[in-house]
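The lines below spell out each chain.
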Amino acid sequence: MSTVMLDKFGLSIGGEPVLSEISFLLNQGQRLGVVGRTGAGKSILARAIVGLLPHGATTTGSLRFDDEPLPDDGAALAKLRGKRIGLLLQEAAEAMDPLATAGAHIAEALTAAGETADLEAKTGQWLADVGLDRSIAGRYPQDLTAGERSRVMLAAALCGKPDLLIADEPLAHLDVLAQRQVIGLIERLCEARQMSLLLIAHDLKLVALLCTRVIVLEAGRVVEAGDKAEVFGRPKHAHTRLLMTAGRHRARTLMRTPIGAVLLEVRDVKRVYKRRDLPVFSPRSPVVALDGVSLSIRQGESMALIGPSGSGKTTLARIIAGLEHATLGELEIDHAVYHGTDLPRIQRREISLVFPDPTQSFNPALTVGESIAEPLQLESQRLMDELSERMVEAVTGVGLTTDVLGWRPDAFSLPELQRLAIARALITRPRLIILDEPLSALDVVGRGELLVMLNRLRADFGLTFLVISQDLAMVQVVADRVLVMDKGKIVESGTPAMLFDSPQHELTRQLAAAALPEVGIVPVF
Amino acid sequence: MTDTLALLRTGRFGPSRFRIGAIATLVLLLVGFVSIVWTPYPVTSLDVGSVLQAPGGAHWLGTDQLGRDVLSLIMKGILTSFVVSAVAVFIGAVIGVPLGWMAKIWPGIPDRAIGALGEALLTFPPLLLAVILAAVAGPGVLNIMLAIGLSVAPAFLRTTRDGLVAIERLDYVAAARLAGTGRVETVRRHVLPNLSPLLLAQIFAQLATGVMAEAALGFVGLGVQPPASSLGLLLRDAQSYASVAPVPLLLGGLALIAIVLALTAAALGLRDGLPGYLRRVGDEP
Amino acid sequence: MTGYVVRAVARFVLTVVVTAAIALWLLGLAPTPVGSAQADLFGSFGSAPIGAALAVTLPLILIALILSAALGAGLGIWAARRPGSLVDRALRALLRIGGAIPSFWLGTLLVLLFSATLRWLPAGGFVPWQVNPLVALSSLILPALALALPQAARLGSMVRRALVDEKTAPYLVAAEARGLTADAAMRRHGLRNALLAVLGALGPQLVTLIAGALVVENVFYLSGLGRLLFDAVATRDLASVRAAALVLIVLLAGAVLVARLGAGWADPRVHAERKA
C-alpha cells in the first residue's frame, strides 16, 4: 500500500549540504525510528519526504512514495499529504493559526482527507482519543497550554486515517501521563490499521518502545541502520554508542556526601494570586498555586519535585529562592524565618536557582563573566583576589576554561550555556541549589553529560539539591528523595525506589507506570 | 549598545539599513549645520533684480520670488526641520518615557489612567494642537515644537511600558534579583541596555514623523515665521509661482523626502537588530 | 463581542471628553481681543459654516480612504506574492519613497500637472453639492489623490509586511502538512491574520489622513474644515476655533473607534469572548 523508499537521497539548502546519501525503505505497517542529535537533519528529512521543503532547497538521488516520485503538482502533493500521510512537525504546538479554534484545525484536516460528514462528532472523538476534553474544540490556541496544543496537532495529523504517520518529537511539552496516553494511541493505530510509522525523536527509549527498526543520523548522514535489537543491543558506530550512553543514566556514584541536619524547612506554605490578564469586567477566581505545602531538606541531600504541569513545582521553587512571596505559611533556612521575597541578604547567598532555558537566563548585553560574577555582591567585602579565585573555581568546576568569561551568551551552545548557569549558581558557594528543569532545553547527549557533572559537583562541593523535573529517569539517578506534587499539594514522598516499586498515591502510580523502559540494558522488542 | 554599534557594520543584507540611514542622516545634518555659519547667500538678502531665476550660474539652484537663493533656503530649511523635530521628540520622550515607566511600575489603576491619557494624546495629531496653540498665543516655533512633542509622546509611552513589561518577564532579570542586585542596579545593568535600542529606534521613527509634521505646519503658516526659513515656508511660497518656476517646489519637496527617508531607514534598521520578543513592542495593541 | 464594543465605545467617549477638556481649557487661556463678544459654545455650532465645511471635508476623506485602501491593499498583496523577488524589492522601495511624500506637496504637483498644464480638472474652489454634484466631485478628485497616494504607499507597506510575516509563520507549513496547498493555506489562514494586523494599526493612519486632509484643502482652496480652522486662527475667532476643534476631535476619535470596531469584527476570538 504505502511505501517510502529513499535511494542515495541528498538535500542542500543554498548550496550547503544538509542531508547526504540517505537510503532506506519503509514498507506498509513498518515502524522506523530516526535518531540523532539536534541538527543532524532528522526534521528536514521528515519534511523532504512530504515535499515541504524550504526555499532554495535542491535534492539529489531519488525519493519515492508508493514507487512513484513525489508529484510536482502542488495540488496533487497536497492531496497526498491530506489523505495518505499524517504529519506532525517539530514544535507543532507553535504552529497553530491564532485565529482558528482547535476544532477548526482538526475539521480542516478531516476535510482535506475527504471525511466531510459528521465533522463535529469526529472532532470531538479525536480530541478524546488524545486525552483532551471535547470542549477544547471551541477554544483558541491562546487559551490552551503547550501540551494541549501539541495534542490538538497530533489529533489533526491522525484524524485523516493516514497510511503513514510521520511524527517529529510527538511527546514535546507533554507531561509524563499525557506522554503515555499518546504513545498508547499511536501504538493502537499502528496495530489496528497497519499504519506505517516514521518516528523522529531524540529520546531513545521512546524509539525503542514504538519502533521495530532504527536509523541513526549524524550530520546529515546515516551512520547506522538496522533492527532495533541490533542497533541498540550491539551498536557498531561510535555515534550510536554516544547516543546510547548519554541516554542511559548510569547508577549514581557511590561518593555521596553524608546527610546532615535540616537545612531548609517549608511550613504549610500557600500561594494564591489573582489573574491580571483578563479584561476588566470578567469574573476572576483566584488561582491557588500552592495549597499548604510542607517539607524539609537536609544538608547534603538531593531532593526531587515531580508532578504534572501546573502542580506548583516552579512556584514553590521561586518562593524558596526568594523570587516570589508566600501568601500564607513560612519558610526557614539556617535559623532564619522568611516568607519568600523577604529572604535576608545573608541567606540569599546560600540559595541559588538554575533556570530551565539558558538562552533566557543570561543578559545578552553582558559577557558571561559579568553575569556569573553578579551574585558575588552578596558576599561581604572580600579581597579582589579571592573573588577571582571563585570565578576560576566555578568555571572550571563546570568543565569550561576561564578564557570563555569574556564572551557573550550568543557565542555558546545550549549545553555550554547551561553549564555557565550552573557556574553562576555555584559562585557564592551556596548550600542549596534549586534546579528548575535543568535539562529540558538540551538534547540527549547534552543531558547525559550534564547529569554526570551535577552528581560530581554535589559530591565535590557537598551541595544540597532541589531538582524539579518531569524526567523520571533523571530523577532516579540524581535524587535521594522524591516528592510528588499535584494541584499545589504534596501527595507522596519517598525514595525513588520506593515510589517506583510500590507507589501509594494514584498519581504516583500513573507516573511510575508512564515511565519508559530503559534501552540497551534489557533488549526491548 | 554594542549591538547597536554592531549594526553599523553589518546587517543581514549587505550594509545594514541602519548604516545607510544613519549616514544619510548625518550627511543631511551636516548640510544643516553648515548653514549656521555659511550659506552661498544670506537668506535674508532680497535681490529683486534676479527673481525666479532658473538653476545655474550665480545661484546654483535658482532664486525664489523675492530673489532669495534657493540653495541657501534649502540648507536653512533642513536645519530648521532637524532642530524643530529634535526638540519636539525630546519633549515627547521626556513626557512619554517617564509616564510609560510609571505605568509599568504601578500596574492597575495608575496604569489604566496613564493609558487613557496616552490614548487621548494619540488622537491629537500635531495639527490640532498646533492650531489651538496658535489660536491662543499666535503662530510660532515654540508652539509647534510643543504640539509635535505632545503628539509623539504616546508612542514613547507605549514603547517604554510594553518594552519594560517584556523585559521584566525574562529570566535574567529574575536571576539578577536572586543575585542580590538592587532594583536600581537591576534597571541600570539589565533593563536599560536592552530597552535602549528599542527607544532609539522609536526616536528615529518619531524624528521622521516630526519632520513631516513641521513641514505641513509650516506650509499652512503655523510654524516658523518669516524671516526665518523652513522647508514648509519654502514650499508655501513655491506653490504660488510654481507655474512659472517649478524648480524650487520640486527641490524643496525632494529635500524633505530625503530627510524622512534617511530617518525612517535608520529606524527600521534599528528595529531589525532587536531580538524577536522586542520587535513588536510599540505596535497598536 | 458586546463587551468589546462597549469597551471601545467607552474609550471613545473617554478620549473625546479628555481631549475636549484639554482643548477647551487651552483655548480659554487666550486673551480675548478687545471688542469681540465671547460667543457661547453652542452658539457657533448652529452657524452654517461647520455644516458646509463638513460637506467638503467628509467626502474628501472618504474618497481618499477608499482610494488608498484599494490601491494600498493591491500593491501590498502584489509585493507579498514573492518576497525577495525583483518585483518585490522594486515595489518595496517605491512604497517607502511614496510614504515619505508630503500630501500637500503632491497636491501642488498634481495641480501643476492636471490643472495648469493639461487643464483636465479644476485647480481649486468648490461648488456646493446642491448646485452641481459632478463638478463638486471633480474638484475633490485631485485633493483625494494627493492624500490617497502617500497613504496608499504607507498602507501598502503595512499590508506587505503583515502578509510576509504571516507567510513565514509556522502555522502555514502546518496547514500544508494537513493537506492544503500553499495557496489554500494562505487564503484560509494567512489572509485573515494579515487583515487583522493591518486593521489593528489602522487607527493612527486614519488620524494622519484626516489631518492631512485639512492641510490639502489649503492647496486646493476648498472651503472645508481646514479652511475654517485656519481662517479662524488667523482672525483670532476663538468661538469658531472652539467649534471646529471640537468637531475635529469627535471626528478623529470616531475614526479610531471605527478602526477598532473593525478590528474586533474581523477577529473571531473577540466574537467568542463570551465563552472564555
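Explain the overall build of chain A to me, and be specific about the residues and the numbers.
Regarding its fold elements, chain A presents 18 helices and 20 strands. The C-alpha atoms of chain A give a radius of gyration of 25 Å, which matches the 24 Å a tight globule of 525 residues would have. Reported as C-alpha extents along the three principal axes, the dimensions of chain A are approximately 75 × 55 × 45 Å. Counting all 525 residues of chain A, 49% fall into the buried class. Put simply, of all contacts in chain A between residues at least 6 apart along the chain, 70% involve residues at least 24 apart.

Break down the overall build of chain B for me, with residues and values.
For chain B, the count of helices and strands is eleven helices and zero strands. Relative to its full complement of 285 residues, chain B shows a buried share of 56%. Put simply, of all contacts in chain B between residues at least 6 apart along the chain, 69% involve residues at least 24 apart.

Now, about unusual backbone geometry: what can you tell me, with residues and values included?
Most of the time, phi is negative for any residue but glycine, and the peptide bond is trans. Residues and elements named next belong to chain A. Although it is not a glycine, Ala219 adopts a positive phi angle of roughly 50 degrees. Considering the arrangement of structural elements, one finds Ala219 in the loop between strand 9 (213–218) and strand 10 (221–227). Among the residues examined, Ala219 registers 15 C-beta atoms within 10 Å and is labelled partly exposed. Here the phi dihedral of Glu437 falls at roughly 45 degrees; this positive angle occurs in a residue that is not glycine.

Can you explain helix 9 (residues 231–240) of chain B? Please cite residues and give values.
A large share of helix 9 of chain B lies buried, amounting to nine of its ten residues. Among all positions in helix 9 of chain B, only Leu231(B), Gly232(B), Leu233(B), Leu234(B), Leu235(B), Arg236(B), Asp237(B), Ala238(B) and Gln239(B) are buried.

Kindly report on the domain arrangement of chain A, identifying the contributing residues and their values.
Residues and elements named next belong to chain A. According to the domain assignment, chain A contains domain 1 (4–245), domain 2 (257–350 + 430–514) and domain 3 (361–429). Once you take the C-alpha centre of each, domain 2 and domain 3 turn out to be 24 Å apart. Every element with two or more residues in the side of domain 2 that touches domain 3 is listed here: helix 11 (345–348) and helix 15 (444–461). Take the side of domain 2 that touches domain 3: its biggest share by element is five residues, from helix 15. Class assignment for the residues of the side of domain 2 that touches domain 3 results in eight nonpolar, one polar and four charged.

Account for the pairing of strand 4 (residues 57–65) of chain A, naming residues and giving values.
Residues and elements named next belong to chain A. Strand direction decides the pairing type here: strand 1 (residues 4–13) and strand 4, joined by eight bridges, are antiparallel. Its bridge partner lying in strand 4, Gly10 is registered against Thr60. Across two bridges, the pairing between strand 4 and strand 5 (residues 68–69) is antiparallel. The residue bridging Arg64 from the neighbouring strand is Pro69, located in strand 5. In this antiparallel pair of consecutive strands, strand 4 and strand 5, the connection spans two residues, and Asp66 shows a positive phi of 60 degrees.

Describe the interface of chain A and chain C, with residues and values.
The partner chain C presents 21 residues to the 31 residues of chain A that form the contact. Of all the secondary structure elements, the ones that give two or more residues to the side of chain A that touches chain C are helix 2 (74–83), helix 3 (102–112) and helix 5 (146–158) of chain A. A total of seven residues in the side of chain A that touches chain C trace back to one element, the largest contributor, which is helix 2 of chain A. Here the side of chain A that touches chain C is composed, by residue class, of 20 nonpolar, three polar and eight charged.

Break down the confidence of the model for chain B for me, citing the residues and quoting the values.
One rule of thumb: low pLDDT means the predicted coordinates there are not for detailed reading. Residue and element names in this part refer to chain B. On average, residues of chain B carry a pLDDT of 82, and 90% of them reach 70 or more. Taken together, the stretch residues 10–14 has pLDDT below 50 and engages in eight contacts with residues farther than four places along the chain or on a different chain. Scored as a whole, the predicted complex attains pTM 0.80, and scored at its interfaces, ipTM 0.84.

Break down the environment of Tyr171(C) for me, citing the residues and quoting the values.
Within the element layout of this structure, Tyr171(C) appears in helix 6 (residues 170–177). The buried category is assigned to Tyr171(C), around which 23 C-beta atoms lie within 10 Å. Not counting residues within four places of it along the chain, the set of residues in contact with Tyr171(C) comprises Ala95(A), Met96(A), Asp97(A) and His189(C).

How would you explain the interface of chain B and chain C if you had to name every residue and give the values?
The interface is formed by 33 residues belonging to chain B together with 42 residues belonging to chain C. Among the secondary structure elements, those contributing two or more residues to the side of chain B that touches chain C are helix 4 (109–122), helix 5 (126–137), helix 8 (183–219), helix 9 and helix 10 (247–272) of chain B. Partitioned by chemical class, the residues of the side of chain B that touches chain C number 25 nonpolar, five polar and three charged.

Please provide a residue-by-residue account of the sheet that holds strand 17 (residues 432–436) of chain A, values included.
All names here are of chain A. Read across the open sheet, the six strands follow the order 16-17-18-13-19-20; overall the sheet is mixed. Of all the strands in the sheet, just strand 16 (351–354) and strand 20 (489–494) have a single pairing partner and so form its edges. Put simply, the sheet's adjacent strands are angled 20 degrees from each other on average, direction ignored. Where helix 14 (residues 414–426) meets the sheet, its contacts fall on strand 16 and strand 17, and the angle it forms with strand 16 comes to roughly 170 degrees.

Just give me the short version of the pairing of strand 9 of chain A, but keep the residues and values in it.
Residue and element names in this part refer to chain A. A large share of strand 9 lies buried, amounting to five of its six residues. In the sheet, strand 3 (residues 31–36) pairs with strand 9 via five bridges, with the strands oriented parallel. Bridged to Leu32 within strand 9 is Arg213. As paired elements, strand 9 and strand 10 share six bridges and run antiparallel to each other. Note on strand 10: the bridge partner recorded for Leu217 is Val222. Hairpin geometry of strand 9 and strand 10 is characterised by an intervening segment of two residues between the two adjacent antiparallel strands and by a positive phi of about 50 degrees at Ala219.

Please give an account of the packing of helix 5 of chain B against helix 6 (residues 141–168) of chain B that cites residues and values.
Residues and elements named next belong to chain B. Taken N-terminus to C-terminus, the directions of helix 5 and helix 6 make an angle of 145 degrees; their axes are 8 Å apart at the nearest point. In the packing of helix 5 onto helix 6, the handedness of the crossing is right-handed. Note on element contacts: helix 6 touches helix 5 through Asn143, Ile144, Leu146, Ala147, Ile148, Leu150 and Ser151, opposite Pro126, Leu129, Ala130, Leu133, Ala134 and Ala137. Here the residues of the contact of helix 5 with helix 6 are counted per class, giving eleven nonpolar, two polar and no charged.

Describe the packing of helix 8 of chain B against helix 10 of chain B, naming the residues involved and giving the relevant values.
Two quantities define a packed helix pair, namely the angle between the axes and the distance from one axis to the other. Residue and element names in this part refer to chain B. One way to put it is that helix 8 packs onto helix 10 with a least axis distance of 8 Å and a crossing angle of 165 degrees. In terms of their interaxial angle, helix 8 and helix 10 are classed as roughly antiparallel. The element helix 8 and its partner helix 10 pack so that their crossing is left-handed. In this structure, helix 8 uses Pro197, Leu200, Ala201, Phe204, Ala205, Leu207, Ala208, Val211, Met212 and Ala215 to contact helix 10, whose residues at the interface are Leu256, Ile259, Val260, Leu263, Thr264, Ala266, Ala267, Leu270 and Arg271. Partitioned by chemical class, the residues of the contact of helix 8 with helix 10 number 17 nonpolar, one polar and one charged.

Can you explain the environment of Ser240(B)? Please cite residues and give values.
Residue and element names in this part refer to chain B. With respect to the helices and strands, the residue Ser240 is situated in helix 9. Exposure remark for Ser240: the 12 C-beta atoms within 10 Å place this residue in the exposed category. Remark: the alpha-carbon pair of Ser240 and Phe82, spanning 158 residues in sequence, is separated by 25 Å.

Explain the sheet that holds strand 15 (residues 336–338) of chain A to me, using residue names and the numbers behind them.
Residue and element names in this part refer to chain A. Strand order across the open sheet formed by four strands is 12-11-14-15, with antiparallel pairing between neighbours. In this open sheet, the two strands that pair with only one neighbour each are strand 12 (287–298) and strand 15. Across this sheet, the average inter-strand angle for adjacent strands is 20 degrees, counted without regard to direction. Sheet topology places strand 11 (residues 262–273) next to strand 14 (residues 328–333); five bridges connect them, and they run antiparallel. In the sheet register, Leu264 faces strand 14, and the bridge partner there is Ile333. Sitting on the sheet, helix 10 (residues 313–321) is in contact with strand 11, strand 12 and strand 14, with an inclination near 120 degrees to strand 11.

Can you explain helix 8 (residues 202–219) of chain C? Please cite residues and give values.
Working note: α-helix, 3.6 residues per turn, so residues spaced by three or four point in the same direction. Residue and element names in this part refer to chain C. For helix 8, which comprises 18 residues, the first-to-last C-alpha distance of 26 Å matches the rise-based estimate of 26 Å (1.5 Å per residue) to within 8%. In terms of residue burial, helix 8 counts as a mostly covered element, since 16 of its 18 residues are buried. Looking one or two residues past helix 8, Tyr221 carries a phi angle of roughly 50 degrees, positive in sign.

Cut-offs used in this document
- Numbering of residues begins from 1 in every chain and follows the order in which that chain's sequence is written.
- To read the labels, note that chains go from A and ligands from 1, taken in the order they are written.
- The model is predicted, so local features are restricted to residues of pLDDT at least 70 and side-chain atom pairs to those at 80 or more, both for listing and for counting; the totals for chains, interfaces and linings are taken over all residues.
- Strands are runs of DSSP state E lasting at least two residues, helices are runs of H or I lasting at least four, and both sets are numbered from the N terminus onward.
- C-alpha atoms define the radius of gyration in this analysis, and the globule rule sets the expected value at 2.2 Å times the number of residues to the power 0.38.
- Residues with at least 20 other C-beta atoms within 10 Å of their own are called buried, those with 12 or fewer are called exposed, and the rest are partly exposed. The C-beta atoms themselves are positioned from the backbone.
- Working definition of a contact: two residues with C-beta atoms, positioned from the backbone, lying within 7 Å.
- Domain start and stop positions are those given by an automatic or database domain assignment.
- Each residue gets one of three labels, nonpolar for Ala, Val, Leu, Ile, Met, Phe, Trp, Tyr, Cys and Pro, charged for Asp, Glu, Lys and Arg, and polar for the others, Gly among them.
- DSSP-based pairing: two strands are paired if at least 2 bridges between them are found.
- The quantity known as pLDDT measures the predictor's confidence residue by residue, on a range of 0 to 100.
- Note on method: axes are straight lines fitted to C-alpha atoms, helices fitted across the in-contact stretch only, with angles between N-to-C directions ranging 0 to 180 degrees.
- By the definition used in this description, the sense in which the near helix is turned from the far one sets the handedness, with an anticlockwise turn below a right angle giving left-handed and a clockwise turn giving right-handed.
- With respect to orientation, any angle under 35 degrees is reported as roughly parallel, any angle over 145 as roughly antiparallel, any angle of 65 to 115 as roughly perpendicular, and every other angle as oblique.
- Given the number of residues in a helix, its expected span is that number minus one, multiplied by 1.5 Å.

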